[in-house]
Amino acid sequence: MATLNVNGKTMTADVDPRTPLLWVIRDSLGLTGTKYGCGIAQCGCCTVHIDGVATRSCSVPVSAAAGKKITTIEGLAIDGKLSKVQQAWVDSEVPQCGYCQSGMVMAVSALLKDKPKPTNDEIDAAITNICRCGTYQQVREAIHAAAKA
Amino acid sequence: MNAFTHIDRRSFLVGASAGGLSLGMSLSFTGAAEAAVTMPEVNAWVVVKPDDSVVIRVVRPDMGQGSMTGLAQLVAEELECDWSKVSTEYPTPGENLARKRVWGAMNSTGSQAIRSSQDYVRRGGAAARIMLVQAAADEWKVPAAECTVEKGVISHKGSGKKTSFGKVAAAAAKIAPPDPKGIVLKDPKTWTIAGKPLKRADTIDKVTGKHSFGIDVKLPGMMIAAIRQCPVNGGKVKSFESARVEGMRGVKKVVQVGEEAVAVVADNFWNAKQAVLALPVVWDEGKSADVSSETIAAILKAGLDADEAFVGNRIGDAKEALAQPGVRKIEAVYAYPFQNHATMEPMNATALYTADKCEVWCPTQNAEAALAVTIATSGLPADKCEVYKTQLGGGFGRRGRADFVAQAILIAKQLPGTPVKLLWTREEDMTHCSYHPITQCKLTAGVDEKGNVTAWKMRISGQSIIASLAPERLENGMDPATFQGLTASAPEGAFGYNIPNVLIDHAMRNTHLTAGFWRGVNSNHNAIYVESFIDEIAHETKQDPLEFRRKLLKPKQLAVLNAVAAKAGYGKPAKGRAFGLSSMNTFGSYVAACAEVSVVDGKLTIHRIVAATDPGYIVNPALVERQVMGSFVYGLSALLYGEISVKNGAVEQTNFDTYNVMRMAEMPVVEVILAPSGGFWGGVGEPTISVAAPAVLNAIFAATGKRVRSFPLMNQDLGTV
Ligand code: FES
Ligand code: FES
């Protein structure tokens, strides 16, 4: 039995402790905003925050997340109010299919906490998430917009 | 038709986003029931509720390209409703079938979604407007011709009367619809909703995790399946030892899926995957077990000089023109590898089978094809089958197929009454795609003493998509799609250059891998071959690539090329930078690109791309721009990294670590010129992909003098000429 703190709530799941956090979040807790794209920490679709740090949840066993503060895409908006990154995403109409965007938004939210006004080089180094629809140009624009907001 | 069951099933999925603006599935159960009971549709396309809100129904899947928004704009334009009150709905293929395909084809493939349905959806919107106005006129006892409409409000000037769509919708529904052929559509120049950069309605769902993809389907009692298919395409399962994994955590059942796969059904995906990977399976790999990339390349190479080939374009006599005395021959051979779509969301489908019903939830680019597979695989009659399209995490052509739907049903049939979600691992997805076809190409040009091109001979040798996916559509053995952008005059895509003697033919050489439609399809490699070789001829005859093209190009293609050259500042590169050009006519549109690159110590940087598209008309410029920008990421990912190779019959790449794609850091700035010239409807999602790679390749040549003729670039050393 894994006990987790997700989006401020305590939740439990009856799973093998080696199960990647991603599948506990998706299949056991039913929070499907966090996506699966590769399972090997390559694509970033599964990015969540663990104690504020952007983490690819497909490559973290659930046992390693116990007792830590986990935030998923569902926990970003507070009382229905979008975070400034989410709002910038809406204003710049970033998503195409949208599948990679939960991970993008989570990765960028963590980046902006560390570096409130990132340069393009810092963005390139930090945001290595894959978007097959090719929204990178809108992502960059929205990051700068969120940094100004 | 049992509309209630359908809508009920659909609303299952919406779950979290019910009541939100989720396009395509915006109706909650109650909302839909109300609409069905108290608010009959005006026609198939339009439902108006008493509060004046409008539901527009269209059936072309939106996988992020924006077709749902664009088609709704076209309907709303003719309907003259208030755009702020519009939501959209996506009927099921079962509903479409039961209503004699009133909504038309349901595929978003071949850049067809807007252009192939624009005419009838506009007529649908206009017919509804005519009926709504007639209903008001009848109530007021005035001629309909004296009434005007604006934003869903109908007015009669003479009497000063006003009403709204919502108030007359019920009466309008009873009016005989006008003959669609007699309807005069608006001149696009007068559009106020279509043609505008209106926003999609589903963006908030996409940034809050609520957009519900196939992988996110949740049904009561649902189990999850992970699959392993024979590593060699065409191979079969010989035997497997279920007992070895049946006791593993969460495992419910171990099943064979068709002849070629095994699956484990479990309580969650992780447990299913662990068990299916641990399952001992003996494969009969079949006759392709010794095929490799080298053996495939040798077969294609032989095809370059084979006597027999299907002719796709013959003008004059290229062979004779090449044999003329004084004619200089220029020749080059190119090769293009297999590519995987690598949609961000791996293949998946959820099926619920009982003895008298089969239902499927899946991300599909063609819900009718998915329904046909559901009917065939379940063995149930059509009216006992239904497919609910979920949102798609990318499609790019891969989701036009329904192989994964058949598998989900084959598994669900072994667990009647239990919904089963089949999810492929990325590894299965990478190794069991319908790949962008592999080809080689030999080009020969004849040039006379004055530098005029007198002959163009082009032999493509390689795989046919149609032979793989729809052999019944071959024309006397020939795959016409091979000649995308190369035909003599087809509006879908003609060879852009005026050359007196042309011979373009195809030696079909199929491999054991399945070939498929991959965003841009055959125009991707065709554009690389033509546009690189045009550059080679320009160089060999000491002409500037732009001036050389200007002498030969047909007008509409030249117009977009001139536009990119002018905006990019072609001819005046900054120090250390170089430009490369390309253009193409494909999917009915004219497109061009100018790439600006530098190569330092063998390292390529793509600084900027100026792209232009003339698709005739543009329904939503903001969405078209995004399609064009995104298409360069797709096209350049393939150029930089994309290669599926084969060893011992199996695909070697398994995930994004071995099949890399472009990330933010490599993304050039893409500037988009929208140049709709009117008079035709071309596609948008795919055409510009084709010009991405050749523009960069020609820029690399301009920068380094190195002509790259095989791909991807990561295998090439750009530091040495
Ligand atoms: S699914 Fe975790 S990084 Fe791709
Ligand atoms: S928006 Fe589709 S993968 Fe990024």
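Residues numbered from 1 in each chain as written. Chains lettered and ligands numbered in written order. Predicted model: local features only at pLDDT ≥ 70, side-chain atom pairs only at ≥ 80, totals over all residues. Heavy atoms only, no water.

Run through the packing of helix 16 (residues 523–540) of chain B against helix 20 (residues 689–704) of chain B, naming residues and quoting values.
Residue and element names in this part refer to chain B. The contact between helix 16 and helix 20 brings their axes to 8 Å, and the two run at 30°. Between helix 16 and helix 20, the crossing angle belongs to the class labelled roughly parallel. Both helix 16 and helix 20 take part in a crossing whose hand is right-handed. Of the residues in helix 20, those in contact with Ser523, Asn524, Ala527, Ile528, Glu531, Ser532, Asp535 and His539 of helix 16 are Ile689, Ser690, Ala693, Pro694, Leu697, Asn698 and Phe701. (Axes fitted to C-alpha atoms, helices over the stretch in contact; angles between N-to-C directions. Helix = DSSP H or I, 4+ residues; strand = E, 2+ residues; numbered from the N terminus. Parallel < 35°, antiparallel > 145°, perpendicular 65-115°, else oblique. Left-handed = near helix turned anticlockwise from the far one by under 90°. Contact = heavy atoms within 4.5 Å.)

Give a description of the interface of chain A and chain B that names residues and reports values.
Where interface size is quoted, it is often the accessible area lost as the parts come together. Between chain A and chain B, the residue contacts involve 53 residues of the former and 56 residues of the latter. For the pairing of chain A and chain B, the buried interface totals around 4700 Å² over both sides, and the portion due to carbon and sulfur atoms is 57%. Counting across the interface, chain A meets chain B through three salt bridges. Of the charged contacts in the structure, one is a salt bridge between Asp216 of chain B and Arg26 of chain A, with a shortest N-O distance of 3.0 Å. Scanning the region where chain A abuts chain B turns up 26 residue pairs in polar contact (both at pLDDT 80 or more). Among the elements of the structure, helix 1 (21–28), helix 3 (84–91), helix 4 (101–114), helix 5 (120–126) and helix 6 (136–148) of chain A are those that each provide at least two residues to the side of chain A that touches chain B. Top contributing element to the side of chain A that touches chain B by residue count: helix 6 of chain A, with six residues. Here the side of chain A that touches chain B is built from residues that sort into 24 nonpolar, 17 polar and twelve charged. (Buried area = accessible area lost by both parts, 1.4 Å probe. Salt bridge = Lys/Arg side-chain N within 4 Å of Asp/Glu carboxyl O. Polar contact = N/O pair within 3.5 Å; in protein donor to acceptor, adjacent residues only side chain to side chain. Nonpolar A, V, L, I, M, F, W, Y, C, P; charged D, E, K, R; others polar.)

So, the side chain of Asn524 of chain B: which residues are in play, and what are the values?
Turning to its location among the elements, Asn524 of chain B is positioned in helix 16. With residues near it in sequence (within four places) discarded, Asn524 of chain B still touches His436, Trp518, Arg519, Ile689 and Ser690 of chain B.

An account of unusual backbone geometry is requested, with residue identities and associated values reported.
Residue and element names in this part refer to chain B. Backbone torsion omega between Phe711 and Pro712 reads 5°, so that peptide bond is classified as cis. Along the polypeptide, Pro712 turns up in the segment after helix 20. In this structure, Asp52 takes a positive phi of about 75° despite not being glycine. Considering the arrangement of structural elements, one finds Asp52 in the loop between strand 1 (46–48) and strand 2 (54–57). Here Phe587, not a glycine, exhibits a phi torsion of approximately 50°, which is positive. Within the secondary structure layout, Phe587 lies in the loop between strand 21 (578–586) and strand 22 (589–600). Note on Phe587: relative accessible area 3%, which makes it buried. (Buried < 20%, exposed > 50% of the residue type's maximum accessible area, 1.4 Å probe, protein only.)

Residues and numbers for the domain arrangement of chain B, please.
All names here are of chain B. We note that the domain assignment places domain 1 (9–208), domain 2 (214–286 + 347–423) and domain 3 (293–339 + 435–715) within chain B. Taking only C-alpha atoms into account, the centre of domain 2 sits 37 Å from that of domain 3. Contact residues are listed per partner, giving seven residues for domain 2 and twelve residues for domain 3. For domain 2, the biggest contributors to the area lost against domain 3 are Asn233, Phe396 and Arg401; these three give 70% of the whole. Counting across the interface, domain 2 meets domain 3 through zero salt bridges. (Domains from an automatic or database assignment.)

Go over the confidence of the model for chain B with me, naming the residues and quoting the values.
For chain B, the average pLDDT comes to 94, and 95% of its residues sit at 70 or higher. Scoring the predicted complex yields pTM 0.95 and, for the interface, ipTM 0.98. (pLDDT = per-residue confidence, 0-100.)

Any details on the layout of surface pockets? Residues and values, ideally.
Reported here for the second largest pocket is a volume of approximately 560 Å³. Lining of the second largest pocket is provided by 25 residues; of these, Lys603, Leu604, Thr605, Ile606 and Glu666 of chain B occupy positions nearest its centre. Of all the secondary structure elements, the ones that give two or more residues to the lining of the second largest pocket are helix 5 and helix 6 of chain A together with strand 23 (603–614) and helix 19 (621–641) of chain B. Tallying contributions element by element places strand 23 of chain B first for the lining of the second largest pocket, with five residues. (1 Å grid on protein atoms, 1.4 Å probe; cavity = no way out; pocket = protein on both sides within 12 Å on 5 of 7 lines; lining within 4 Å. Points joined across faces, edges and corners; volume = space filled by probe spheres on them.)

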